[in-house]
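Working through the structure, step by step
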Amino acid sequence: MVLISEGGRSAPHPLLRPFAGVGVLGGFTTFSTYALDFSRLLDAGEARSALAYAGLTVVAALGAVWAAASAARLAVRGRGPDRGPDRGTDRVVR
């Protein structure tokens, strides 16, 4: 973060610092918490709970990504200057 904030000759893009600080570094702390919770469950002899936690977390995360991507596609479908009422879909009409 110091290199981004103070290290360059020219000013970095204004969104670089939030991207690196919150996006990239925040992801490491979230994953560390996930791994620590999994490890603590294993240490407590809760192997079944640990495996369920690990598996369901991945399934829930992928489901959330799919749902958000689907919602975004629905929100932007048919918008744009070159799209009419029949455009904006990926389907081939025969």
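Here the structure is shown first, and the text comes after it.
Every value quoted in this text rests on a predicted model; they were computed, and no experiment measured them.

**A word on the overall build of the protein**
In terms of regular secondary structure, the protein is built from 3 helices and 0 strands. Put simply, the protein runs from its N terminus to its C terminus through helices and strands in the order α-α-α. By residue count, 4% of the 94 residues in the protein fall in the buried class. Accessible area of the protein: about 8200 Å², with a carbon and sulfur share of 64%.

**Some thoughts on a nonpolar patch on the surface**
Together, Leu16, Phe19, Val24, Leu25 and Phe28 make up a nonpolar patch on the protein surface, roughly 470 Å² of accessible area in all. Tracing the sequence through the fold places Leu25 in helix 2 (residues 16–43). Judged by relative accessible area, which is 40%, Leu25 ranks as partly exposed.

**A look at the packing of helix 2 against helix 3 (residues 47–76)**
Running from amino to carboxyl end, helix 2 crosses helix 3 at an angle of 160 degrees, the nearest separation of the two axes being 7 Å. In terms of orientation, helix 2 lies roughly antiparallel with respect to helix 3. Of the two possible hands of crossing, helix 2 and helix 3 adopt the one that is left-handed. Across from Tyr34, Asp37, Phe38, Leu41 and Leu42 in helix 2, the residues of helix 3 making contact are Ala47, Ser49, Ala50, Leu51, Tyr53, Ala54, Thr57 and Val58.

**Thoughts on the packing of aromatic side chains**
In total, this model carries 2 aromatic pairs according to the counting rule given. The interplanar angle of 50 degrees and the centroid separation of 5.9 Å between the aromatic rings of Phe31 and Tyr34 together place this pair among those described as tilted. Residue Phe31 and its partner Tyr34 are located together in helix 2, separated by 3 residues, close to a single helical turn. The exposure class of Phe31 is exposed, given its relative accessible area of 54%. Residue Tyr34 is classed as buried on the basis of its relative accessible area of 18%.

**What to know about helix 2**
Helix length check: helix 2 (28 residues) gives 39 Å between terminal C-alpha atoms against 40 Å at 1.5 Å per residue, within 8%. When the local axis directions of helix 2 are compared, the greatest deviation, roughly 35 degrees, occurs at Gly26. Positioned one or two residues after helix 2, Gly45 has a phi angle of 80 degrees, which is positive.

Conventions adopted
- Residues numbered from 1 in each chain as written.
- Predicted model: local features only at pLDDT ≥ 70, side-chain atom pairs only at ≥ 80, totals over all residues.
- Heavy atoms only, no water.
- Helix = DSSP H or I, 4+ residues; strand = E, 2+ residues; numbered from the N terminus.
- Buried < 20%, exposed > 50% of the residue type's maximum accessible area, 1.4 Å probe, protein only.
- Areas by Shrake-Rupley, 256 points an atom, 1.4 Å probe, with all protein chains shown as cover.
- Patch = residues over 30% accessible without salt bridge, like charges linked within 9 Å, V, L, I, M, F, W, Y side chains within 5 Å.
- Salt bridge = Lys/Arg side-chain N within 4 Å of Asp/Glu carboxyl O.
- Axes fitted to C-alpha atoms, helices over the stretch in contact; angles between N-to-C directions.
- Parallel < 35°, antiparallel > 145°, perpendicular 65-115°, else oblique.
- Left-handed = near helix turned anticlockwise from the far one by under 90°.
- Contact = heavy atoms within 4.5 Å.
- Phe/Tyr/Trp six-rings, centres within 6.5 Å; stacked < 30°, edge-to-face > 60°.
- Expected span 1.5 Å × (residues − 1).
- Bend = angle between axes of the 7 residues up to and from the residue.

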